Amino acid sequence: MRLRENDDVGEKEEVVENDVTLAQNQWCPVVNAGFSSPKRAVVVGYALTTKKIKSFLQPKLEGLARNKGILFVAIDHTRPLSDQGPFDIVLHKLSGKEWRQVLEDYRQSHPEVTVLDPPDAIQHLRNRQYMLQAVADMNLSDSYGIVGVPRQLVIKRDAFAIPELVNKAGLTLPLVAKPLVADGSAKSHALSLAYEQFSLQKLEPPLVLQEFVNHGGVLFKVYIVGDAIKVVRRFSLPDVSKWELSKDAGIYNFPRVSCAAASADDADLDPTIAELPPRPLLEKLAKELRWRLGLRLFNLDIIREYGTRDHFYVIDINYFPGYGKMPEYEHIFTDFLLSLGQGKYKKRSG
Ligand SMILES: O=P(O)(O)O[C@@H]1[C@@H](O)[C@H](OP(=O)(O)O)[C@@H](OP(=O)(O)O)[C@@H](O)[C@H]1OP(=O)(O)O
Ligand SMILES: Nc1ncnc2c1ncn2[C@@H]1O[C@H](COP(=O)(O)OP(=O)(O)O)[C@@H](O)[C@H]1O
Ligand SMILES: [Mg+2]
Ligand SMILES: [Mg+2]
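Residues numbered from 1 in each chain as written. Chains lettered and ligands numbered in written order. Predicted model: local features only at pLDDT ≥ 70, side-chain atom pairs only at ≥ 80, totals over all residues. Heavy atoms only, no water.

- By the naming in an unreviewed UniProt entry, the protein chain goes by Inositol-tetrakisphosphate 1-kinase and is assigned to Sphenostylis stenocarpa.
- Turning to the protein chain, the UniProt record has this under Function (unreviewed entry): "Kinase that can phosphorylate various inositol polyphosphate such as Ins(3,4,5,6)P4 or Ins(1,3,4)P3." (UniProt positions renumbered as here; feature names shortened; annotations may be inferred.)

## Overview of the pairing of strand β11 (residues 207–211)
And then number 1: Among the five residues in β11, five count as buried, and that is most of the element.
And then number 2: Burial along β11 is two-sided: the face carrying L207, L209 and E211 and the face carrying V208 and Q210 are both buried.
And then number 3: Sheet topology note: the strand β9 (residues 175–179)/β11 ladder contains five bridges and is antiparallel. Looking across to β11, one finds that P179 is bridged to L207. (Buried < 20%, exposed > 50% of the residue type's maximum accessible area, 1.4 Å probe, protein only. Helix = DSSP H or I, 4+ residues; strand = E, 2+ residues; numbered from the N terminus. Pairing = 2+ DSSP bridges.)

## Some details on the site of ligand 1
And then number 1: Around ligand 1 lies a shell of 19 residues, among which K51, K93, K221, R234 and N318 are the nearest.
And then number 2: Within the side chain of H189, an N or O atom sits 2.9 Å from an oxygen atom of ligand 1.
And then number 3: Between ligand 1 and G322, the relevant distance is 2.8 Å, taken from an oxygen atom to a main-chain nitrogen or oxygen of the residue.
And then number 4: Alone, ligand 1 offers 560 Å² of accessible surface; in the complex the protein occludes 91% of this.
And then number 5: For the shell around ligand 1, the secondary structure elements donating two or more residues are α1 (50–56), β12 (218–225), β15 (297–304) and β16 (311–319).
And then number 6: By residue class, the composition of the shell around ligand 1 is four nonpolar, six polar and nine charged. (Near = heavy atom within 4 Å. Polar contact = N/O pair within 3.5 Å; in protein donor to acceptor, adjacent residues only side chain to side chain. Areas by Shrake-Rupley, 256 points an atom, 1.4 Å probe, with all protein chains shown as cover. Nonpolar A, V, L, I, M, F, W, Y, C, P; charged D, E, K, R; others polar.)

## Comments concerning the pattern of salt bridges
And then number 1: Inspection of the entire model under this criterion finds 15 salt bridges.
And then number 2: For R296, the salt bridge goes to D117, with nearest N and O atoms at 3.1 Å. Taken together, the positions of R296 in the loop between α8 (279–293) and β15 and D117 in the loop between β5 (114–116) and α4 (119–124) put the pair 179 residues apart, joining distant regions of the chain. (Salt bridge = Lys/Arg side-chain N within 4 Å of Asp/Glu carboxyl O.)

## Observations regarding the side chain of E104
And then number 1: Here E104 shows up in helix α3 (residues 97–109).
And then number 2: Under the relative-accessibility criterion, E104 is labelled buried at 15%.
And then number 3: Setting aside residues up to four positions removed in sequence, E104 forms contacts with P119 and D120. (Contact = heavy atoms within 4.5 Å.)

## A closer look at the sheet that holds strand β4 (residues 89–93)
And then number 1: Across the sheet, which stays open at both edges, the four strands sit in the order β3-β2-β4-β5 with parallel pairing between neighbours. Of all the strands in the sheet, the pair left with one neighbour each is β3 (70–74) and β5. Across the sheet, the axes of successive neighbouring strands diverge by a mean angle of 25°, strand direction being ignored.
And then number 2: In this sheet, β5 lies alongside β4 in parallel orientation, the contact comprising three bridges. The residue of β5 that forms the bridge with V90 is V115.
And then number 3: Against the sheet, α3 engages β2 (42–48), β4 and β5, with an angle of about 165° to β4. (Axes fitted to C-alpha atoms, helices over the stretch in contact; angles between N-to-C directions.)

Structure follows, in structure tokens:
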């Protein structure tokens, strides 16, 4: 199923290196019983915003990482990346064409370094026109349930034509209007609910219109770190029947919901709404999306269609989300980094 749009608009081998050539004090001897010489540290260069460093690189994570022989080293943006390191892994979440080019050049000249994650794969998620296409293409349906995406329509310009385009596409109101670009800016999280046809002309393209799916006011955040999956419940937008829809406006602007939404994990909820999606279904979905998206660090916002047991929709996919909000993220993340850093045989350039 293609998503509608209007015309307009990527060998378990223990590596014990004797002749260690590490850059300044990157030696992090992790003396291991049974090994004559200590293992080399896994060096993770990171390029993250100050906000992200605060929420992700928490002392508990750094401490556990050090105990496991993982060293986090800040990448200096004022110096060429190739003059820094050497790194086993480059972990990043920065935007901008320049940074993407720096990283692409670095990947070419340092194939031995794992870049988490490839810039082109991340770029795919920054446009809501393509963000969910991989899920739509999967057409996932098995004995555990069905996973789809809401019907949507991309409007690149000309708000005046929206009512006619919505009619032509056969979309059912109410519709969620989301900025087309999901670039992490506050604007990219400013959503609105359109529930009256002619008020659609008040919307500001470029945007994507998605059919609103009632889901009992609870959503599932499915965090993915490599092969690891962790699901948490969050409060979501209420079902439309519960909205005090004022008749005049026709458009209801709502502030940022997903990341700010309170946890619903301890709430007293109707089990038919709060029951987590079946694990085997999530395992299949995550495995396939890792491959199709070429990403290892992302999360999914999943909702269950109200009144069904097993009809799920993916409504949002986020690269390198707020892992600090994921239970046990320190252990999960450090195990993942170790699996990358030591699972590969590497020749160090002199
Ligand atoms: O888009 P959501 O569902 O609110 O998830 C956000 C989102 O991933 C956000 O990143 P960005 O889209 O603003 O770039 C994350 O912000 P940080 O990168 O600063 O952490 C939020 O942490 C995500 O929230 P959550 O982890 O709850 O999904
Ligand atoms: N199609 C939809 N049906 C029902 N609720 C939706 C839909 N799309 C988004 N929402 C609600 O709006 C919130 C934010 O939408 P989302 O696509 O996750 O944007 P963001 O990237 O800003 O998190 C979701 O967490 C959910 O509560
Ligand atoms: Mg979201
Ligand atoms: Mg998002």
